[in-house]
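Structure assessment
Here's the letter readout for the chains.
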Amino acid sequence: EDKVVQSPLSLVVHEGDTVTLNCSYEVTNFRSLLWYKQEKKAPTFLFMLTSSGIEKKSGRLSSILDKKELFSILNITATQTGDSAVYLCAAPPLQGAQKLVFGQGTRLTINP
Amino acid sequence: DTAVSQTPKYLVTQMGNDKSIKCEQNLGHDTMYWYKQDSKKFLKIMFSYNNKELIINETVPNRFSPKSPDKAHLNLHINSLELGDSAVYFCASSKVVGGELFFGEGSRLTVL
């Protein structure tokens, strides 16, 4: 069964800290991994990773994929209270390419 | 302009009732989805439509019936509502298979 597992499930840090969120996957015929940020409502897209070892960056957020070890990390440096959210990773499996299998999410709380 | 819009945003109803949630996207995407997010924030695919045709039906009870009158609309009708149907239902669309999902803001269904 295809699955995506995230850790930790919950993380509380102080503003300014750096955090690393983990996502491991077991997906047949892996093609890509996606990261989303969910605040109060709709998840919003952060990154899509397809190639191993190539870092994607957007401001203070960066992500990298390791296809050999089947995981991805999402780093956030100099965290701000606005980074508080649930971070979701997902991957499309071989069967039913038009769906994403989501992890259970990491709830990140940034305290001032 | 809202890219993916769902109505209603909140729905409170009694067990046994029938209800519908509507979704529209103005992104010109061919593929639309319904996802269910439970209280633990787990997002699970329910249905996927590609160009008005049902592509994915993920072991969802047949009390749930999606309908796609055209590729910009995907509605969800639920018969004989049960307590366990309480969740947030997200509509989404994507341009390419396995690509970035654009989510609506969700419809929070509470069954009493």
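Numbering of residues starts from 1 in each chain and follows the order in which that chain's sequence is written. As they are written, the chains are lettered A onward and the ligands numbered 1 onward, keeping that order. Whole-chain, interface and lining totals are the exception, using all residues; otherwise, since this is a predicted model, local features are given only for residues with pLDDT of at least 70 and side-chain atom pairs are given and counted only at 80 or more. To obtain the side-chain values, all non-hydrogen atoms of the structure were used and water was disregarded.

Another aspect to go through is the overall build of chain A. When helices and strands are counted, chain A shows zero helices and eleven strands. Helical segments are the DSSP runs of H or I of at least four residues, strand segments are the runs of E of at least two, and each set is numbered from the N terminus. Scanning chain A from its N terminus toward the C terminus, one meets helices and strands in the order β-β-β-β-β-β-β-β-β-β-β. Against the compact-globule benchmark of 13 Å for 112 residues, chain A has a radius of gyration of 14 Å, which places it among compact chains. Using a 1.4 Å probe on the protein chains alone, a residue whose accessible area is under 20% of its type maximum counts as buried, one over 50% counts as exposed, and one in between counts as partly exposed. Expressed as a percentage of the 112 residues in chain A, the buried residues total 44%. Across chain A, the fraction of contacts at a sequence separation of at least 24, relative to all contacts at a separation of at least 6, is 54%. Of the roughly 5300 Å² of accessible surface on chain A, a fraction of 51% belongs to carbon and sulfur atoms. With 12 positive and 10 negative side-chain charges, chain A shows a separation of 6 Å between the mean positions of the two kinds. Our radius of gyration is a C-alpha quantity, and the globule rule it is checked against amounts to 2.2 Å times the number of residues to the power 0.38. Here, two residues are considered to be in contact whenever any of their heavy atoms come within 4.5 Å of each other. Using the Shrake-Rupley algorithm and a 1.4 Å probe, accessible areas are obtained, with residue cover drawn only from the displayed protein chains. In this tally Asp and Glu are treated as negative and Lys and Arg as positive; neither His nor the chain ends contributes. Note that the charge is assigned to NZ on lysines, CZ on arginines, CG on aspartates and CD on glutamates.

With that settled, consider the state of the cysteines. All names here are of chain B. In this description, the term disulfide denotes a pair of cysteine sulfurs within 2.5 Å. What the rule picks out here adds up to two disulfides over all chains. Note that Cys23 is cross-linked by a disulfide to Cys91, the S-S spacing being 1.9 Å. A torsion of -75 degrees about the S-S bond marks the disulfide between Cys23 and Cys91 as left-handed. Of the two residues, Cys23 sits in strand β3 (residues 19–25) while Cys91 sits in strand β9 (residues 87–94), which places them 68 residues apart along the sequence. Across this residue pair, the class does not change: Cys23 and Cys91 are buried.

Before going further, it helps to spend a moment on the sheet that holds strand β6 (residues 56–58) of chain A. All names here are of chain A. Strand pairing is assigned whenever DSSP identifies at least 2 bridges connecting the two strands. With antiparallel pairing, the five strands of this open sheet are ordered in space as β1-β3-β8-β7-β6. For this open sheet the edge positions go to β1 (3–7) and β6, each flanked by a neighbour on one side alone. Direction aside, the axes of adjacent strands within the sheet are offset by 15 degrees on average. Angles run from 0 to 180 degrees between N-to-C directions of axes, and those axes are lines fitted to C-alpha atoms, restricted for helices to the stretch in contact.

In the sections that follow, a salt bridge refers to a side-chain nitrogen of Lys or Arg positioned within 4 Å of a carboxyl oxygen of Asp or Glu. Summed over all chains, the structure comprises six salt bridges over all chains. Between Glu105(B) and Lys41(A) there is a salt bridge, and its shortest N-O distance comes to 3.7 Å. With Glu105(B) in the loop between β10 (101–103) and β11 (107–111) and Lys41(A) in the loop between β4 (33–38) and β5 (43–49), the pair connects residues from two separate chains. For Glu105(B), a relative accessible area of 39% corresponds to the partly exposed category. Judged by relative accessible area, Lys41(A) falls into the partly exposed class, the value being 37%. Beyond isolated ion pairs, a larger network of salt bridges with shared partners links Arg63(B), Glu82(B) and Asp85(B).

Let's shift gears to the interface of chain B and chain A. Tallying the contact residues gives 23 residues for chain B and 22 residues for chain A. Two parts lose some accessible area (1.4 Å probe) when they are put together, and adding that loss for both gives the buried area. Here chain B and chain A share an interface that buries about 1900 Å² over both sides, 61% of which is from carbon and sulfur atoms. At the boundary of chain B with chain A, the tally comes to one salt bridge. When residues of the side of chain B that touches chain A are traced back to their parent elements, those giving at least two are β4 (31–37), β5 (43–50), β6 (53–57) and β10 of chain B. In terms of residue class, the side of chain B that touches chain A is built from eleven nonpolar, seven polar and five charged. Here the nonpolar group is Ala, Val, Leu, Ile, Met, Phe, Trp, Tyr, Cys and Pro; Asp, Glu, Lys and Arg are the charged ones; every other residue, Gly included, is treated as polar.

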